[in-house]
Amino acid sequence: MEGGAPNFGWTFYAPLSTTYGPPSTTFFIFAIHIMGVSSIMGAINVIATVLNMRAPGMTLMKMPLFVWTWLITAFLLIAVMPVLAGVVTMMLMDINFGTSFFNAAGGGDPVLFQHVFWFFGHPEVYIMILPAFGAVSHIIPAFSRKKLFGYASMVYAVSAIALLSFLVWAHHMFTVGVPVAGQLFFMYATLLIAVPTGVKVFNWVATMFRGSLTFEAPMLFAIAFVILFTIGGFSGLMLAIAPADFQYHDTYFVVAHFHYVLVPGAIFGIFASAYFWLPKWTGHMYDETLAKTHFWLSFIGMNLAFFPMHFLGLAGMPRRIPDYALQFADFNMVSSIGAFMFGSTQLLFLLIVVKCVRGGEKASAKAWEGAEGLEWTVPSPAPYHTFATPPEVK
């Protein structure tokens, strides 16, 4: 073994990482432990705050959806980070103390690593996306001038997604020799997640239906989030079908799928949230023209980068390939152009934020209430609070 940085992918499958990894793998494991401890402490902080420090009269079912999604995310973190700590500790033992958890030569099982890793890894996907669900559930009502459609069903849908996320981990592993009964269970459990996800998408669309919509940057990113996340969901349904997944598995189709979920989901969710709350954070309005430019360049760049990957995967191009056959060159070139476009556009976002922090038009107390001269059509809560002060609180 030579020195240097860890030489395995982000999933760090054993025995590649344990038998053939560089000595620095031990430090990689230490870093994972530190990250896990910080995540658990942060999650405890969120849960304690939400359960013990709500305003008088605010019951759980009156909480803003952003708070609900963070509460559920925090419970997910506490549930799955110890699992990740367990699997990297088993790696540590295999590397330094002569155990054989994942070494078949010593009686271990490399597939055990995948089971434990993905039991952490699939809820982790929802940990990344749930806070964006909450933010979009504030932004869409604000720019539709309507209350959110189906608040209670949104809470139950988020909770159902979180619970089901623990029952689907082996859909990442259909090709490792899972028994047919196991494949059927994980296939149906994965398909079932589409139900609460569909409820959420329906509620967002129903909120916009017949609303007084305006299309400032936060709303543009939120709508793009809904559309592109739904495309990612449809390709996820394709991957959930076990016999079909034998063809898709470890191809660029999978790369396209999870980027259509996580780039519009996590990253567009962050952009939408940043533009929505920047007036509150800084006291200034950002430059709307620059922000819309940032949106369109990001939207075009993202789709150019990741949509061709569907075709590459269906044509048979595998993931993690250092070089590829000539017939894949054109789509890869389009993807590269889109990726550079998407990446460089974020320098514009940095400029917009710095410009907003340094000054500009003063933001009013309720920055979005009269966006583009339109007043709210219902006496609904302003975007910054979603409950009325209870009568007994003066």
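The model shown is predicted, which means the values in this text are computed figures rather than measured ones.

Caption draft 1: Up close: the packing of aromatic side chains. Under the criterion given, the structure shown has 42 aromatic pairs. Taken together, a centroid distance of 5.4 Å and an interplanar angle of 85° make the contact between Phe 102 and Phe 113 edge-to-face. Of this pair, Phe 102 sits in the loop between α3 (65-96) and α4 (110-144) while Phe 113 is found in helix α4, placing the two residues 11 residues apart along the sequence. Judged by its relative accessible area of 1%, Phe 102 falls in the buried class. On the basis of relative accessible area, Phe 113 is assigned to the buried category, the value being 0%. For the pair Phe 221 and Phe 271, a centre-to-centre distance of 5.3 Å together with 55° between the ring planes defines the contact as tilted. Of the two residues, Phe 221 sits in helix α7 (residues 217-240) while Phe 271 sits in helix α9 (residues 252-282), which places them 50 residues apart along the sequence.

Caption draft 2: Here's a closer look at a nonpolar patch on the surface. Nonpolar side chains collect at one region of the surface, where Leu 51, Leu 60, Met 61, Phe 75 and Tyr 156 lie side by side and expose about 480 Å² of accessible area between them. Mapped onto the elements, Tyr 156 comes out in helix α5 (residues 151-164).

Caption draft 3: Quick look at helix α6 (residues 180-208). Spanning 29 residues, α6 covers 43 Å between terminal C-alpha atoms, matching the ideal 42 Å at 1.5 Å per step. Two residues or fewer past α6, Arg 210 is found with a positive phi of approximately 60°.

Caption draft 4: Broad picture of the environment of Pro 264. Locating Pro 264 in the fold gives a position in helix α9. A relative accessible area of 0% places Pro 264 in the buried class. Between the C-alpha atom of Pro 264 and that of Arg 320, which follows or precedes it by 56 residues, the distance is 22 Å. Ignoring sequence-local partners within four residues, the contact set of Pro 264 consists of Ala 224, Phe 225, Leu 228, Phe 229, His 259, Gly 269 and Met 302.

The rules behind the values
- Residues numbered from 1 in each chain as written.
- Predicted model: local features only at pLDDT ≥ 70, side-chain atom pairs only at ≥ 80, totals over all residues.
- Heavy atoms only, no water.
- Phe/Tyr/Trp six-rings, centres within 6.5 Å; stacked < 30°, edge-to-face > 60°.
- Helix = DSSP H or I, 4+ residues; strand = E, 2+ residues; numbered from the N terminus.
- Buried < 20%, exposed > 50% of the residue type's maximum accessible area, 1.4 Å probe, protein only.
- Patch = residues over 30% accessible without salt bridge, like charges linked within 9 Å, V, L, I, M, F, W, Y side chains within 5 Å.
- Areas by Shrake-Rupley, 256 points an atom, 1.4 Å probe, with all protein chains shown as cover.
- Salt bridge = Lys/Arg side-chain N within 4 Å of Asp/Glu carboxyl O.
- Expected span 1.5 Å × (residues − 1).
- Contact = heavy atoms within 4.5 Å.

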